Amino acid sequence: MSHTSGIRQAQKQKTRQALLDAALELLEGQSLSSLGLREVTRAVGIAPTAFYRHFRSIEDLGVALVEQALGSLHPMIRTTVTPAGDGPERIARAIELIAGHVDAYPAHVRFIARERHGGVRPVREAIQLQLARFTAEVGEALAGDAESAGWSEEDLLMLAQLYVDQMLITASLFLETPASAPAARERVSRLAERQLRLIHAGRRHWLDEPDAAGGP
């Protein structure tokens, strides 16, 4: 690659990221289905036709935002489910990590929470696909725990889905409760702890009944 083409490519990537950043900021107060192409390009300072050098459509931009937003979640989820420590330690670590992630990436969390069940189908499907991958990864991590001995793959995936769903619920609650309101944050933390403890308690006793892992 020549020096000139390298500069051109870097500029293209810079403009693409600027479009993503502008869209994310504009989405603080609206859904993706109401976001206009001209609105985004005006915020970046480029002509509307230049948008198509980077994305095929607003929906395509939305899918890219999903990859960016959930990419930022990946390290948090992986760390949360590492098999180090017992249940209470894992729960405390999970809540701390979720709160920290929300504070670091509030726009990303808000975007996923809003668009997960939103009206833009390609974006909704992209979120579902990414969350399914997270669930599979969590299931693999949980399979390494001593507590998972005797569990079927299907049941581990069910447990993983519970954990992933609970992480998203807790993130949404923290998003609605700013760090400037410590008492409210503490209530969210306590609620999340109780909910995760309930999942953990159910996990410990899942195989107590002979037919528990085999279905109804």
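Quick note: structure is the one above.
Residues numbered from 1 in each chain as written. Predicted model: local features only at pLDDT ≥ 70, side-chain atom pairs only at ≥ 80, totals over all residues. Heavy atoms only, no water.

Q: So what's going on with the packing of aromatic side chains? Residues and values would help.
A: Inspection of every chain in the model, using the stated rule, returns 3 aromatic pairs. Here the aromatic cluster, defined as three or more aromatic residues joined through ring pairs, consists of Phe51, Tyr52 and Phe55. (Phe/Tyr/Trp six-rings, centres within 6.5 Å; stacked < 30°, edge-to-face > 60°.)

Q: Mind laying out the side chain of Gln30, listing which residues take part and the relevant values?
A: Along the chain, Gln30 falls in the loop between helix H1 (3-26) and helix H2 (37-44). The class of Gln30 is buried, set by a relative accessible area of 18%. Polar side-chain contacts of Gln30 include one of 3.0 Å to the side chain of Ser34. One polar contact links Gln30 to Glu39, side chain to side chain, over a distance of 3.0 Å. Excluding its chain neighbours within four sequence positions, the residues that come into contact with Gln30 are Leu35, Glu39 and Arg114. (Helix = DSSP H or I, 4+ residues; strand = E, 2+ residues; numbered from the N terminus. Buried < 20%, exposed > 50% of the residue type's maximum accessible area, 1.4 Å probe, protein only. Polar contact = N/O pair within 3.5 Å; in protein donor to acceptor, adjacent residues only side chain to side chain. Contact = heavy atoms within 4.5 Å.)

Q: Got a sec to walk through helix H6 (residues 121-143)? Specific residues and values, please.
A: Its 23 residues place the ends of H6 33 Å apart at the C-alpha level, agreeing with the 33 Å of an ideal helix rising 1.5 Å per residue. For H6, every residue scored as buried is listed here: Val123, Ala126, Ile127, Gln130, Leu131, Phe134, Thr135, Val138, Gly139 and Leu142. (Expected span 1.5 Å × (residues − 1).)

Q: Which residues make up the pattern of salt bridges, and what are the values?
A: Side-chain pairs of opposite charge can arise whenever the charged atoms involved come near each other. Taken as a whole, this structure holds 8 salt bridges when the rule is applied. We note a salt bridge from Asp60 to Arg56, for which the minimum N-O separation is 3.4 Å. Residue Asp165 pairs with Arg116 through a salt bridge whose shortest N-O separation is 3.2 Å. Separated by 49 residues along the polypeptide, Asp165 in helix H7 (residues 153-175) and Arg116 in the loop between helix H5 (106-115) and H6 bring together distant segments of the chain. A relative accessible area of 25% places Asp165 in the partly exposed class. Residue class for Arg116 comes out partly exposed when judged on its relative accessible area of 23%. (Salt bridge = Lys/Arg side-chain N within 4 Å of Asp/Glu carboxyl O.)

Q: Would you mind going over the packing of H7 against helix H8 (residues 182-204) in detail, with residue names and values included?
A: Where H7 meets H8, the closest approach of the two axes is 10 Å, and the angle between their N-to-C directions is 175°. When the axes of H7 and H8 are compared, the pair comes out roughly antiparallel. Where H7 approaches H8, its residues Leu159, Leu162, Tyr163, Gln166, Thr170, Leu173 and Phe174 are matched on the opposing element by Arg185, Val188, Ser189, Leu191, Ala192, Gln195, Leu196, Ile199, His200 and Arg203. Each residue belonging to the contact of H7 with H8 can be placed in one class, and the counts come to 10 nonpolar, 5 polar and 2 charged. (Axes fitted to C-alpha atoms, helices over the stretch in contact; angles between N-to-C directions. Parallel < 35°, antiparallel > 145°, perpendicular 65-115°, else oblique. Nonpolar A, V, L, I, M, F, W, Y, C, P; charged D, E, K, R; others polar.)

Q: Got a sec to walk through the nonpolar core? Specific residues and values, please.
A: Of all hydrophobic cores here, the largest spans 54 residues; its most connected members are Leu61, Leu65, Phe111 and Val123. When contributions to this core are tallied by element, the ones reaching two or more residues are H1, H2, helix H3 (58-80), helix H4 (87-104), H5, H6, H7 and H8. Sort the elements by how many residues they give to this core and H7 lands first, with 10 residues. In this structure Phe111 touches Leu24, Leu27, Gly62, Leu65, Val66, Ala69 and Val123, once residues within four positions along its chain are discounted. (Core = buried A, V, L, I, M, F, W, Y, C linked by side-chain atoms within 4.5 Å.)

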